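These are the residues of each chain, in order.
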Amino acid sequence: MLNRVRSAVAHLVSSGGAPPPRPKSPDLPNAASAPPAAAPEAPRSPPAKAGSGSATPAKAVEARASFSRPTFLQLSPGGLRRADDHAGRAVQSPPDTGRRLPWSTGYAEVINAGKSRHNEDQACCEVVYVEGRRSVTGVPREPSRGQGLCFYYWGLFDGHAGGGAAEMASRLLHRHIREQLKDLVEILQDPSPPPLCLPTTPGTPDSSDPSHLLGPQSCWSSQKEVSHESLVVGAVENAFQLMMARERRGHQVEGGCCALVVIYLLGKVYVANAGDSRAIIVRNGEIIPMSREFTPETERQRLQLLGFLKPELLGSEFTHLEFPRRVLPKELGQRMLYRDQNMTGWAYKKIELEDLRFPLVCGEGKKARVMATIGVTRGLGDHSLKVCSSTLPIKPFLSCFPEVRVYDLTQYEHCPDDVLVLGTDGLWDVTTDCEVAATVDRVLSAYEPNDHSRYTALAQALVLGARGTPRDRGWRLPNNKLGSGDDISVFVIPLGGPGSYS
């Protein structure tokens, strides 16, 4: 409580002056740095040179994409090589140049311990301007009257089986969101309910009278209420779907990626998650989950239902039923525990020949897999992913649609210690929500509330805490448990304190 009072008082009296000297913290590297401002629509950090082979142009582009890192890191070729070093695993943050990411956002990342050749995570932080596409009245907008909207955007993209899908999504997804919002610029700024239909474009011929197609009107006695918030949610959902469609239209990229995206628009924070990354708000010590993971376990019933409705997707190799373990041939005719797409509990059934097939969903926790291959069920990419030693595609079981949660910033009075933490699964595999909240309190209390570098320092502390330190038997945490060997990427977004949100 004392820290919050100190933070609130300092926030009220501070007016953007120079921050006080930074204290030393045992959690942090010697050179903690404040992030620079984002460069919207800028190219990514230059790729490190690959070997002097005779790769085809397409393969060369693919190789360059896997080397690239977020633009705002401003990495030199030497910096890229250090970021790509699996042995040292140096934590990367934007340089201390006096320029900052929007909202003084903190960011840190580290490469994996040898799981893949390069860091397959990607990140994006942008301020995006949206100009309206048309006037709600149907009259073309006068250039002088055009008042668009700005939204703030953060994205983490956790790649797998290659970095191509994550790199492509980090460059393009916010542009698809912008396109989806163009029709909504005037509507979102008008407090009245959204129109049921947008006017047709001038010059478009009217369709013939469709009244003969209308059925009984008894079920249409009233119109459903649609909120402005739900329009933004729908725009984000459609943007993910359009991103997937763009991938299909010949933009072949390697691998796939989970996507965790945050948008701030008109006083509300929208968190969209497709995959196993996670977002939490830490507010006054309270933890508010802002996402849920999509894994074979959490989406078992959806996957089983699809396998039940379309058995051709399973071939002759898989069954949509789940058993506590693999069924053995000697157990034919016995009654064994099982569950199907309709069940949350377990029951007994007589084992038949088809039950000897491999289950569509198998394993537990981080070892759970779809078709014995992939451990996430939502995301982008993965168009060419097939079952090992088979021609069965896995893509039909993977969804690109995110779950979108909304947090209204205007409903609470936030202090500088209230933050939204985004992290790829490399963080959450070895760190609990409570441990993250404890790190938030410990690190931020060591900095003055108006010190903008505090959020980068926090992001670095979270990454270092999940990575661990190198020992004889790999990277270890203080309790001697294995640290995260995965790529780790973290955004820390302050919800109060210094910075303008308008």
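Reference entry: report on the structure contained in this document. Quantities reported herein were computed from a predicted structural model and do not represent experimental measurements.

Quick notes on helix α9 (residues 433-444)
Right, so step 1: With twelve residues, α9 ought to run about 16 Å at 1.5 Å a step, and its terminal C-alpha atoms sit 16 Å apart, in line with that.
Right, so step 2: The set of residues buried in α9 consists of V436, A437, T439, V440, V443 and L444. Seen along its axis, α9 keeps its buried residues to an arc of 160°; they face one direction.
Right, so step 3: Lining the buried residues of α9 we find β6 (278-283), β7 (286-289), β16 (419-423), α8 (425-428) and α10 (454-467).

What to know about the packing of helix α4 (residues 164-181) against helix α6 (residues 228-248)
Right, so step 1: For the pair α4 and α6, interaxial distance at closest approach is 8 Å and the crossing angle is 130°. By the angle class used here, α4 and α6 are oblique. Two packed elements cross with a definite hand, and for α4 against α6 that hand is right-handed. Residue-level inspection shows M168, A169, L172, L173, H176, I177, Q180 and L181 of α4 in contact with α6, the latter providing A235, N238, A239, F240, L242, M243, R246 and E247.
Right, so step 2: Looking at side-chain class alone, the contact of α4 with α6 contains eleven nonpolar, three polar and two charged residues.

Here's the deal with the pairing of strand β4 (residues 256-265)
Right, so step 1: The element β4 is largely enclosed, with a buried count of ten among its ten residues.
Right, so step 2: Residue alternation in β4 divides its side chains into two sets, G256, C258, L260, V262 and Y264 and C257, A259, V261, I263 and L265, and both sets are buried.
Right, so step 3: Two strands pair when backbone bridges link them, and strand β3 (residues 149-160) and β4 are joined in this way by nine bridges, in the antiparallel orientation. Within β4, the residue paired with W154 across the bridge is V262.
Right, so step 4: Pairing between β4 and strand β14 (residues 380-381): two bridges, direction antiparallel. Bridging across to β14, C257 finds its partner in L380.
Right, so step 5: What sits between the antiparallel neighbours β4 and strand β5 (residues 268-274) is a turn of two residues, in which L266 has the positive phi angle 50°.

A look at the environment of R369
Right, so step 1: The topology assignment puts R369 in strand β13 (residues 369-370).
Right, so step 2: The exposure class assigned to R369 is partly exposed, which follows from its relative accessible area of 29%.
Right, so step 3: Each C-alpha atom of the pair R369 and T295 lies 8.1 Å from the other, and the pair is 74 residues apart in sequence.
Right, so step 4: When near neighbours in sequence (up to four residues on either side) are disregarded, R369 contacts P296, L360, V361, C362, I374 and G375.
Right, so step 5: Within polar-contact distance, the side chain of R369 engages the backbone oxygen of K366 at 2.9 Å.

What counts and how
Residues numbered from 1 in each chain as written. Predicted model: local features only at pLDDT ≥ 70, side-chain atom pairs only at ≥ 80, totals over all residues. Heavy atoms only, no water. Helix = DSSP H or I, 4+ residues; strand = E, 2+ residues; numbered from the N terminus. Expected span 1.5 Å × (residues − 1). Buried < 20%, exposed > 50% of the residue type's maximum accessible area, 1.4 Å probe, protein only. Arc of directions from axis to C-beta. Contact = heavy atoms within 4.5 Å. Axes fitted to C-alpha atoms, helices over the stretch in contact; angles between N-to-C directions. Parallel < 35°, antiparallel > 145°, perpendicular 65-115°, else oblique. Left-handed = near helix turned anticlockwise from the far one by under 90°. Nonpolar A, V, L, I, M, F, W, Y, C, P; charged D, E, K, R; others polar. Pairing = 2+ DSSP bridges. Polar contact = N/O pair within 3.5 Å; in protein donor to acceptor, adjacent residues only side chain to side chain.

From the geometry alone we can't say anything about function, so treat these as descriptive.
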